[in-house]
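Coordinate inspection notes
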Amino acid sequence: MIYHTRLIIDLRAYRENIRRIKRMLGGDAGLCAVVKADAYGHGLQWIAPAAVDAGADLLGVVDNWEVERIRREGLTVPVMRLRPALADEAAEAAPWGVEELTGSLDHAEALSRVGERLGAPIRVHVKIDVGMGRMGLPPRGREAAIARIASLPGLRVAGVMTHFPSADEDDETITQTQLAAFRDEWRRIAPMLPSGVRLHCANSAAAARFSEARLTMARAGVMTYGLSPAPGFDGGVDLSPVMSWTTRIVQVRDVERGAGVGYGMTHRMPYDGCVALLPIGYADGYLRDFSNRARVLIRGESHAVIGRVSMNLTTVDVTGSPDVAPGDEAVMIGRQGDERITAAELADWGGTIDYEIACLVGRCNSHQVKVVE
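Here the structure is a predicted model, which means the values were calculated and not measured.

1. Digging into the overall build of the protein chain
Helices and strands together make up the secondary structure of the protein chain, namely 11 helices and 20 strands. Structurally, the protein chain occupies a C-alpha span of about 75 × 45 × 35 Å along its principal axes. Evaluated residue by residue, the protein chain yields a buried proportion of 53% over its 373 residues. Contacts spanning at least 24 positions in sequence make up 66% of the contacts within the protein chain whose residues lie at least 6 apart. For the protein chain, the exposed area adds up to about 16500 Å²; of that, 47% sits on carbon and sulfur atoms. Computing the positive centroid from 42 side-chain charges and the negative centroid from 47, the protein chain places the two 3 Å apart.

Rendered as structure tokens:
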């Protein structure tokens with residue numbers, strides 16, 4: 001089967017990223033490697049074993065199919081769900097030893113009933129809301145709720161956690177205030193809980209920027225893939241991108257000055273030029289928003305995407321590069337010669353974030369996936 005478009009997943013880079021993050025955490029802090037959303041589009045079946053091999057202490061997921069895939073790979077590492085599960089979902093996942101997240105007393109009581117029915121207490125991480133406003137126990141009545149959760153017969157508290165909404169922003173004030181609130185709450189509730197409970201609040205950005213937020217575990221997702229938590233973010237850790245994305249030119253043609261290119265003729269050639277046609281479009285994860293904005297690498301040089309990105313075709317201005325020919329590699333994400341295009345740049349051209357780019361590209365079935373071990 002011939003695929004013109006290829007996704008390259010570099011497991012060597014991923015393992016090294018995990019090791020460097022572990023060194024950054026230092027001390028006794030554990031690492032939860034977040035592999036939800038099919039490992040951010042990188043392929044759970046390859047990433048999960050690599051994470052464990054590189055030293056991840058726990059894997060973060062959201063759906064049961066992810067847990068099933070992890071266990072099918074023969075991995076016995078602890079797995080934590082990063083959202084509340086419905087009762088039937090938790091019951092299905094219980095034999096796989098999933099540690100569930102709970103952020104309300106009603107939800108905790110429902111999980112406890114599942115644990116009692118199955119005759120095996122469910123390990124839970126109690127989430128405290130310090131300002132995200134999405135899920136977690138709110139301040140009012142929180143301590144009484146935690147005392148009740150700790151007493152439920154079908155549960156065992158394995159962790160206490162929170163999530164910061166602004167850890168990737170320049171202003172550190174909000175995160176510092178929320179971290180102080182979380183630590184204060186922990187001091188009040190610790191006597192209610194068993195020993196050995198994991199205390200974790202740091203995502204990638206917080207783990208990199210706030211050493212005091214690393215506690216006994218950090219949850220790193222985007223950084224493990226060599227991506228950035230935010231535009232311009234520099235976490236001080238030298239990480240390598242794990243995903244590259246390439247295709248091949250299928251046609252090269254001359255276009256006269258003034259001629260329109262693509263639907264709506266949103267680009268008109270300003271000179272007699274040359275256009276290369278790529279067999280990739282928004283159906284393949286190459287967003288329509290890249291029209292007249294993005295760049296690709298061909299023969300080690302950067303070339304502009306011109307005209308609207310179509311469903312399966314994209315046009316690139318290769319004027320001034322007479323040797324460009326059908327079959328040449330075009331790089332959407334990755335390095336070619338001395339030039340490089342990052343997922344963050346592609347995200348900026350598309351008005352989104354590199355998380356979305358990776359997830360979107362990885363889910364398309366029109367790519368051949370090459371795994372570099």
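Now that the structure has been shown, we can carry on.
2. Digging into the state of the cysteines
In a disulfide, the sulfur atoms of two cysteines are covalently bonded to one another. Applying the stated criterion to the full structure yields zero disulfides. Take Cys201: it sits in no disulfide, and the sulfur closest to it among the cysteines is that of Cys32, at 13 Å. Residue classification places Cys201 among the buried residues on the basis of a relative accessible area of 0%. Cys364 takes part in no disulfide bond, and the closest cysteine sulfur to it belongs to Cys359, at a distance of 11 Å. Judged by relative accessible area, Cys364 falls into the buried class, the value being 17%.

3. Examining the nonpolar core
The nonpolar side chains of a soluble globular protein tend to be buried, and buried together. Tyr14, Val35, Leu59 and Tyr286 are the most contacted members of the largest nonpolar core, which totals 119 residues. Residue contributions to this core peak at seven residues, all from helix 1 (residues 11-25). If sequence neighbours within four positions are ignored, Tyr14 has contacts with Ala33, Val35, Ile47, Ala50, Ala51, Thr224, Tyr225 and Val242. Grouped together as the second largest cluster of nonpolar side chains are five residues, Val261, Met269, Val275 and Ile306 included.

4. Section: the sheet that holds strand 4 (residues 79-84)
Spatially, 2-3-4-5-6-7-8-9 is the arrangement adopted by the eight strands of the closed barrel, whose pairing is parallel. With strand direction ignored, the average angle separating the axes of adjacent strands in the sheet is 30°. Relative to strand 3 (residues 58-61), strand 2 (residues 30-34) runs parallel, the two sharing three bridges. Bridge pairing in strand 3 places Cys32 opposite Leu58. Across the face of the sheet, helix 8 (residues 173-189) comes into contact with strand 7 (155-161) and strand 8 (198-202) while running at roughly 165° to strand 8.

5. A word on helix 4 (residues 64-72)
Where helix 4 is concerned, the buried positions are Asn64, Glu66, Val67, Ile70 and Arg71. Down the axis of helix 4, the buried side of the element spans an arc of 155°, and every buried residue falls inside it. Gly74 sits one or two positions beyond helix 4 and adopts a positive phi of about 85°.

6. Quick word on unusual backbone geometry
Even without glycine at this site, Ala39 takes up a positive phi of about 55°. Along the chain, Ala39 falls in helix 2 (residues 36-40). Of note, Asn292 is a non-glycine position whose phi angle comes to about 60°, a positive value. When you line up the elements, Asn292 lands in the loop between strand 14 (273-278) and strand 15 (295-298). What makes Asn292 partly exposed here is its relative accessible area of 34%.

7. Points about the environment of Ala325
In this structure, Ala325 sits in the loop between strand 17 (314-317) and strand 18 (329-336). Leave out the neighbours within four places in its chain, and Ala325 touches Ile249 and Val252.

8. Remarks on the side chain of Thr5
By the element assignment, Thr5 lies in the segment before strand 1 (6-10). Of the polar contacts made by the side chain of Thr5, one reaches the side chain of Thr247; its length is 3.1 Å. Excluding its chain neighbours within four sequence positions, the residues that come into contact with Thr5 are Trp245, Thr246, Thr247, Pro279, Ile280, Ser366, His367 and Gln368.

9. Digging into the pattern of salt bridges
Per the stated rule, a full pass over the model turns up 21 salt bridges. Measuring nitrogen to oxygen at the nearest pair gives 2.9 Å for the salt bridge that ties Glu68 to Arg72. On the criterion of helical spacing, the pair formed by Glu68 and Arg72 is a turn pair, its members being four residues apart in helix 4. Since its relative accessible area comes to 54%, Arg72 is described here as exposed.

Quick notes on the rules
- Residues numbered from 1 in each chain as written.
- Predicted model: local features only at pLDDT ≥ 70, side-chain atom pairs only at ≥ 80, totals over all residues.
- Heavy atoms only, no water.
- Helix = DSSP H or I, 4+ residues; strand = E, 2+ residues; numbered from the N terminus.
- Buried < 20%, exposed > 50% of the residue type's maximum accessible area, 1.4 Å probe, protein only.
- Contact = heavy atoms within 4.5 Å.
- Areas by Shrake-Rupley, 256 points an atom, 1.4 Å probe, with all protein chains shown as cover.
- Lys, Arg positive; Asp, Glu negative; His and termini not counted.
- Charge placed at Lys NZ, Arg CZ, Asp CG, Glu CD.
- Disulfide = S-S within 2.5 Å.
- Core = buried A, V, L, I, M, F, W, Y, C linked by side-chain atoms within 4.5 Å.
- Pairing = 2+ DSSP bridges.
- Axes fitted to C-alpha atoms, helices over the stretch in contact; angles between N-to-C directions.
- Arc of directions from axis to C-beta.
- Polar contact = N/O pair within 3.5 Å; in protein donor to acceptor, adjacent residues only side chain to side chain.
- Salt bridge = Lys/Arg side-chain N within 4 Å of Asp/Glu carboxyl O.

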